[in-house]
Amino acid sequence: MTMIYIHEFSTGIEVKRTPGGGWESGGFTGKYINCTRDIPQQILNAISSGKFSLSEGGLPEEPAIVGRQVGGYSVVAVVSRGRDDRGRSLPLYRYFWCEGKDYIEAILRWKDKLPVFDPDNKPPSTGHRLNPDSQTVQLDKFREYLHDSSPTIVISPKKRCQPLILNAIAKERAKKQGEDYSWAYNVAALENPWYFQVIYPASSEAQDLFKEVLARRPRDSVFISGEGEIKTAIKAIIKGRVKPEHINNLESALANPKVDDKFWNKLLDGQAASKAYKDKIYSETMVMLLTLKAILIPKFLPDFLMWMQTAPKPDDCWESCHKLQASILAEYKKNIYGLPFLTRNVKDGIYSLLSRLITTPKSSQSGSKIKHKLRGLVHSKVDIPQLVKATQSLLNEKDGLWSQIYRVCFAKDLADALTQIPDLWQPGIITDYSEEKAEFLTHLQPFWKYPGKTDKKYLPLAQLFEELSFSHAAIFYQISTGNVPQNIFNQVSPKRGVKKGTLFEMTLIRQKGWSDHLDSALDAGIDFVTENLRLIRRGMVIGLLLVGGIGLTTRGIISWKSHQSNKALEARMDEKIATVTAESKSAQASTTDTNNQEALTDISDENKGRFDRTNEAIKAMTTNLTPDITQLETEDKNRIGIREDVHNNKEYIVLFCVRKILGLDQNLQYGDIGKDNERWQEFSDAIRKYQEAKGANTPDGVIDEGGRTQKWLEEDIRNQCLNPPDGG
């Protein structure tokens, strides 16, 4: 059987003896007496914030009793009338408490009548040992109160009632509301009646008074357990006096689903937060107050950073902001994994910042005239570039709360989120995220859903992460400009010298350098040859007129670069020409009237980008499959269906196999796919069906270099196309 210990303490007074052998109060000492154990800080905070207080004139002849869950403790206060040395009455409190939230009933059942304040009654130093057996409390005559939706219930004093009944009613209500409970018995007046869920007045007059006071309470006010402790924490933190219990009180409040931005604004405005922001009051206390507001209300963080930048001396604001962060961080580091809600809030603030950086804030005439210095950099107005710099400062700050949480968990959290974006348009997934995180990721979804899409609005994010994370910077450069600067691309690409890579399931394209432009000039010469061969195939006169200039053009380019590798370049050109020539022969064999071929239309920029990505993957597949093709005997190639005139053309063989695996007609010319929307769509639809059959999460109809579709195709080409059954 589990045993508990009831501990106690009483109001501290200077005891004066009276002639009759009694005592009276010579004044309060400010210290509690008859303590059986150190009093938990949470209980002390609750007392100091008026959670047990009867107001002046609120003490009846018989003792009043207050029961309350405080954090992880059960507390009962017995309030009786005393007298001071001037003959005036005063309330004296005797508190009983247990570790654990469910022992108020046990305390009430401990004695038939709980003892009242007595300075001469010395309790045992170990407390009172007790078996906390619970018994059913009959509520038949009080069922109506269990269904009362009032924030505070006032029970008519005409009903005979006991503390155990009040406790049972409050406990039942607490189960439905998911919060701590409290009640007051036989009271005439309370300092804060809205701090209680159930009140049993001492008289009908007291009942009327309670109803009148509660009716004046603003309707939108919500009872929040521990509100007094939260206020105490806020006052202490903005003065730089941060203690563990203050951080714990904020954490408990953030964990409460009833605590929202409205609640925080009410408490913070009680310390003049809105006035400081609106009237631009930049004293140290006000900067620290608004820093705390940015922690407690994540959406406020971008506005707070921009507010600091409008100060006459921004560096002073940063110093005050850092001072408060450092004081919180010192306590935070001691219990980093025990503060998940504070961590969540700081992460959500960073997500709010990222969202703000891709949405242009409203400007004003006064704002455009502001000039100030931010960490040595001069800016002309409050704008996105300024906010980028401020965010970089915030997240790079030594011993800063936001920078600490960014390093410890936000960077990984964002990386995980980027990886999951392709799945986010599945119903219900994104709703599991906080509002700030969901908003940011929703902005990003189209760039994964429609590869190749770009938006310059995301350039500030790329610039921000360039100083924080190369991988994140690469993603946002790709989204904003369509390619990634070489220095960043080289940091995130596992292979050197490649032009494309994949990160977070997004294709990254390396920004071209001078060597790439040189290669482009060469490829232009080769494409000149192959394009004119296509024109010849179509019987177009212009192709015939230009053939005479082919050799001169291409040889001139090759000669210009001959010091690098003439033979390799010529081989590249010959192979490409052979591929197109083979396709031309195939097309001519399958049609009787080339003059009646359907004219090709222009391809859209988006489809051209998707084709280019696929083309790079085809090239990579050709390289990877070359050893397999080389090992094939002539009869194997004939069995596959490869004509003898292209037995040595590896790219043609790969394209032949790709069409075969995708179920496409071999007469669909690959070169036309990159020039005509309809032909590309036919090819892309076949890829998408193939991806769906393979179980891809997000089939997009594109083969990306190094991606899963390329790997699947290579495997199927080896097993199904290049390794046909004998005798086929």
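Scroll up for the structure.
Residue numbers here run from 1 along each chain, matching the order of that chain's written sequence. Restriction of local features to residues with pLDDT of at least 70 applies here, the model being predicted, together with a cutoff of 80 or more for giving and counting side-chain atom pairs; totals for whole chains, interfaces and linings are based on all residues. Hydrogens and water are ignored here; the side-chain numbers use all heavy atoms of the structure.

Q: So what about the packing of aromatic side chains? Which residues, and what values?
A: Here a pair means two rings of Phe, Tyr or Trp (six-membered ring of Trp) with centres within 6.5 Å. Their orientation is stacked below 30 degrees between planes, edge-to-face above 60, and tilted elsewhere. Taken as a whole and assessed by the stated rule, the structure comprises 26 aromatic pairs. Ring geometry for Tyr351 against Phe440: centres 5.9 Å apart, planes inclined by 45°, an arrangement best described as tilted. Of the two residues, Tyr351 sits in helix α13 (residues 340-357) while Phe440 sits in helix α17 (residues 435-449), which places them 89 residues apart along the sequence. Overall, Tyr351 belongs to the buried group, its relative accessible area being 1%. Using a 1.4 Å probe on the protein chains alone, a residue whose accessible area is under 20% of its type maximum counts as buried, one over 50% counts as exposed, and one in between counts as partly exposed. Using a relative accessible area of 0% as the deciding quantity, one classes Phe440 as buried. When the ring of Phe611 is compared with that of Trp680, the centres are 6.4 Å apart and the planes differ by 85°; the resulting orientation is edge-to-face. Remark: Trp680 occurs in helix α29 (residues 677-694) and Phe611 occurs in helix α25 (residues 605-630); sequence separation between them is 69 residues. Side by side, Phe611 and Trp680 carry an identical accessibility label, which is buried. Every member of this aromatic cluster is reached through a ring pair, and the members are Tyr351, Tyr406, Phe410, Phe440, Phe465 and Phe476. Helix numbers and strand numbers start at the N terminus; a helix is a DSSP run of H or I with at least 4 residues, a strand a run of E with at least 2.

Q: Account for the state of the cysteines, naming residues and giving values.
A: Counting rule for disulfides: a pair of cysteine sulfur atoms within 2.5 Å. Going through the model one piece at a time under the given rule, you end up with 1 disulfide. The disulfide partner of Cys657 is Cys721, and the S-S distance across this bridge is 2.3 Å. Judged by the sign of its S-S torsion, about -75°, the bond between Cys657 and Cys721 is left-handed. You can see Cys657 sitting in helix α27 (residues 650-662) and its partner Cys721 sitting in helix α30 (residues 708-721), a full 64 residues away along the chain. Here Cys657 falls in the buried class, since its relative accessible area comes to 0%. A residue is classified by how much of its surface remains accessible, and Cys721, at 1% relative accessible area, is buried. Free cysteine Cys321: the closest other cysteine sulfur is in Cys317, separated by 8.9 Å. We classify Cys321 as buried; its relative accessible area is 0%.

Q: Can you break down the environment of Gln138 residue by residue, with the values?
A: Take Gln138: it is sitting in the loop between β7 (128-130) and α3 (143-146). A relative accessible area of 54% means that Gln138 is categorised as exposed. Here the alpha-carbon distance between Gln138 and Ile165, two residues 27 residues apart in the chain, equals 7.7 Å.

Q: Could you give me a rundown of the sheet that holds strand β1 (residues 4-10), with the residues and numbers involved?
A: Strands were regarded as paired on the criterion that DSSP finds at least two bridges between them. With mixed pairing, 8 strands are arranged side by side in an open sheet as β7-β1-β6-β5-β4-β9-β10-β8. Every other strand in the sheet has two partners, leaving β7 and β8 (153-154) as the edge strands with one partner each. For strand β4 (residues 64-70) and strand β9 (residues 182-187), the ladder comprises 4 bridges, and the chain directions are antiparallel. Bridging from a neighbouring strand, Arg68 pairs with Ser182 of β9. Whether two residues are in contact is decided by their heavy atoms, any of which lying within 4.5 Å being enough. Between N-to-C directions, angles cover 0 to 180 degrees, with each direction set by a line fitted to C-alpha atoms, over the stretch in contact for helices. In the packing of helix α4 (residues 163-177) onto the sheet, the strands contacted are β4, β8, β9 and β10 (198-201), and the crossing angle to β9 comes to about 155°.

Q: Give a description of the pattern of salt bridges that names residues and reports values.
A: The term salt bridge refers to a pairing of a side-chain nitrogen on Lys or Arg with a carboxyl oxygen on Asp or Glu at a separation within 4 Å. Under the definition given, this model contains 29 salt bridges. Between Asp413 and Lys437 there is a salt bridge whose closest N-O contact spans 3.2 Å. One end of the pair, Asp413, is in helix α16 (residues 401-420); the other, Lys437, is in helix α17, and 24 residues separate them in sequence. Given a relative accessible area of 16%, Asp413 falls into the buried group. Taking the relative accessible area as the measure of exposure, Lys437 reaches 10% and is therefore buried. Measuring nitrogen to oxygen at the nearest pair gives 2.9 Å for the salt bridge that ties Lys608 to Asp612. Here Asp612 and Lys608 lie together in helix α25, a separation of 4 residues that amounts to about one turn. For Lys608, a relative accessible area of 33% puts it in the partly exposed group. A relative accessible area of 29% places Asp612 in the partly exposed class. Members of the salt-bridge network, linked through shared partners, are Lys347, Asp413 and Lys437.

Q: For the side chain of Asp636, give the residues involved together with the corresponding values.
A: Relative to the helices and strands, Asp636 is located in helix α26 (residues 634-640). There is a polar contact of 3.0 Å between the side chain of Asp636 and the side chain of Arg639. Pairs of N or O atoms within 3.5 Å make up the polar contacts considered here, provided that, within protein, one atom can donate a hydrogen while the other can accept it, and that residues adjacent in sequence are counted only when both atoms are side-chain atoms.

Q: Describe unusual backbone geometry, and please don't skip the residues or the numbers.
A: Working note: non-glycine residues mostly have negative phi, and peptide bonds are mostly trans. Phi angles above zero are rare outside glycine, and Ala272 is one such case at about 80°. Tracing the chain through its elements places Ala272 in the loop between α8 (261-269) and α9 (273-279). By relative accessible area, Ala272 is classed as partly exposed at 26%. At Phe504, a position not held by glycine, the phi torsion is positive, near 55°. Structurally, Phe504 is set in the loop between β13 (500-503) and β14 (506-509).

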